[in-house]
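# Structural overview
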Amino acid sequence: DLLQLEQMEQLWMHHHSNRQQEVLEIAKKQQDDREAALQRLGFSTVTNVSRPYLANVNEDPYFHGSLRYQIPEDKPLTLGRAPDCGVALNGIGVLDHMCEVGEANGDLMLRVSPAEDGEGPRIMVNGETISPGSHKALQEDDVITVGHGYEFF
């Protein structure tokens with residue numbers, strides 16, 4: 001009886017170990033799939049700290065900075081409602097093309113899009129309104145307000 005009990009215990013441990021490995025593999029695949037989907041949408045939870053990025057501002061400390069949008073090396077990151085924007089936004093005051101952030105001569109620059117049909121994008125940096133069609137050099141801790149409901153740092 002003791003030998004049979006030991007064999008059953010070994011069989012259970014073997015099965016449990018295999019099942020645990022299978023669960024870990026499934027979890028890893030799901031995490032990889034989530035990361036790929038986030039990257040296709042233009043943001044990721046993983047950031048290359050040597051590259052500049054925009055991150056969301058949120059009152060809840062758990063969500064503050066949880067969405068990070070890497071600034072590409074070869075082109076500016078666009079923000080707006082249009083499908084071709086790297087950061088897709090919707091809501092009050094969001095136009096098709098609001099602004100873009102990119103590097104120019106070693107500086108991080110914000111370029112506000114020109115007015116569309118007489119309506120200019122509402123863009124602010126640290127509470128200061130930036131005029132449509134104009135540029136502004138950004139500093140590391142600047143807060144960018146886009147439309148009426150989005151803030152990034």
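Details of the structure are given in the entry above.
Since the model is a prediction, treat every value here as computed from it, not as a measurement.

### Quick notes on the overall build of the protein
Helix and strand counts for the protein stand at 1 helix and 11 strands. In the protein, the proportion of contacts linking residues at least 24 apart, taken out of those at least 6 apart, comes to 35%. Per element, the accessible surface of the protein, about 10,500 Å² overall, is 52% carbon and sulfur.

### Some details on the pattern of salt bridges
Any two side chains of opposite charge can pair, given that their charged atoms come close. Scanning the entire structure with this criterion turns up 3 salt bridges. Close ionic contact of Asp96 with Arg81 constitutes a salt bridge, the shortest N to O distance being 3.2 Å. In this pair, Asp96 is assigned in the loop between strand S4 (87-88) and strand S5 (99-104) and Arg81 in the loop between strand S3 (77-80) and S4, connecting sequence segments 15 residues apart.

### Looking at the pairing of strand S6 (residues 107-112)
Residues of S6 alternate between two faces, with Leu108, Leu110 and Val112 buried on one and Asp107, Met109 and Arg111 left unburied on the opposite face. Where S5 meets S6, 6 bridges bridge the pair, whose relative direction is antiparallel. Residue Glu100 lies in a different strand from S6, and its bridge partner there is Arg111. Connecting the antiparallel pair S5 and S6 is a turn made up of 2 residues, with Asn105 showing a positive phi of about 55°. Pairing between S6 and strand S9 (residues 135-138): 4 bridges, direction antiparallel. Looking at the pairing, Leu108 lines up with Leu138 of S9.

### Examining the packing of aromatic side chains
Counted by the stated rule, this structure contains 1 aromatic pair. Each ring, one from Tyr69 and one from Phe152, has its centre 5.9 Å from the other, and the planes form 80°; the classification is edge-to-face. Taken together, the positions of Tyr69 in strand S2 (residues 68-70) and Phe152 in strand S11 (residues 150-152) put the pair 83 residues apart, joining distant regions of the chain. By relative accessible area, which is 3% here, Phe152 ends up buried.

### As for the sheet that holds S4
The strand order S4-S3-S5-S6-S9 describes an open sheet built from 5 strands, whose pairing is mixed. Only two strands of the sheet have a single partner each, and these edge strands are S4 and S9.

### Side note on unusual backbone geometry
In this structure, Asn105 takes a positive phi of about 55° despite not being glycine. By secondary structure assignment, the location of Asn105 is in the loop between S5 and S6. Of note in this structure, Asn126 is not a glycine but carries a positive phi near 55°. Position of Asn126 relative to the elements: it lies in the loop between strand S7 (123-125) and strand S8 (128-130).

### Overview of the side chain of Thr145
In this structure, Thr145 sits in strand S10 (residues 144-146). At a separation of 3.3 Å, a polar atom in the side chain of Thr145 contacts the side chain of Glu151.

### So, the pairing of S3
Here S3 shows no split at all, with Leu77 and Leu79 on one side and Thr78 and Gly80 on the other all buried. Where S3 meets S4, 2 bridges bridge the pair, whose relative direction is parallel. Bridge pairing links Leu79 to Val87 in S4.

About the criteria used
Residues numbered from 1 in each chain as written. Predicted model: local features only at pLDDT ≥ 70, side-chain atom pairs only at ≥ 80, totals over all residues. Heavy atoms only, no water. Helix = DSSP H or I, 4+ residues; strand = E, 2+ residues; numbered from the N terminus. Contact = heavy atoms within 4.5 Å. Areas by Shrake-Rupley, 256 points an atom, 1.4 Å probe, with all protein chains shown as cover. Salt bridge = Lys/Arg side-chain N within 4 Å of Asp/Glu carboxyl O. Buried < 20%, exposed > 50% of the residue type's maximum accessible area, 1.4 Å probe, protein only. Pairing = 2+ DSSP bridges. Phe/Tyr/Trp six-rings, centres within 6.5 Å; stacked < 30°, edge-to-face > 60°. Polar contact = N/O pair within 3.5 Å; in protein donor to acceptor, adjacent residues only side chain to side chain.

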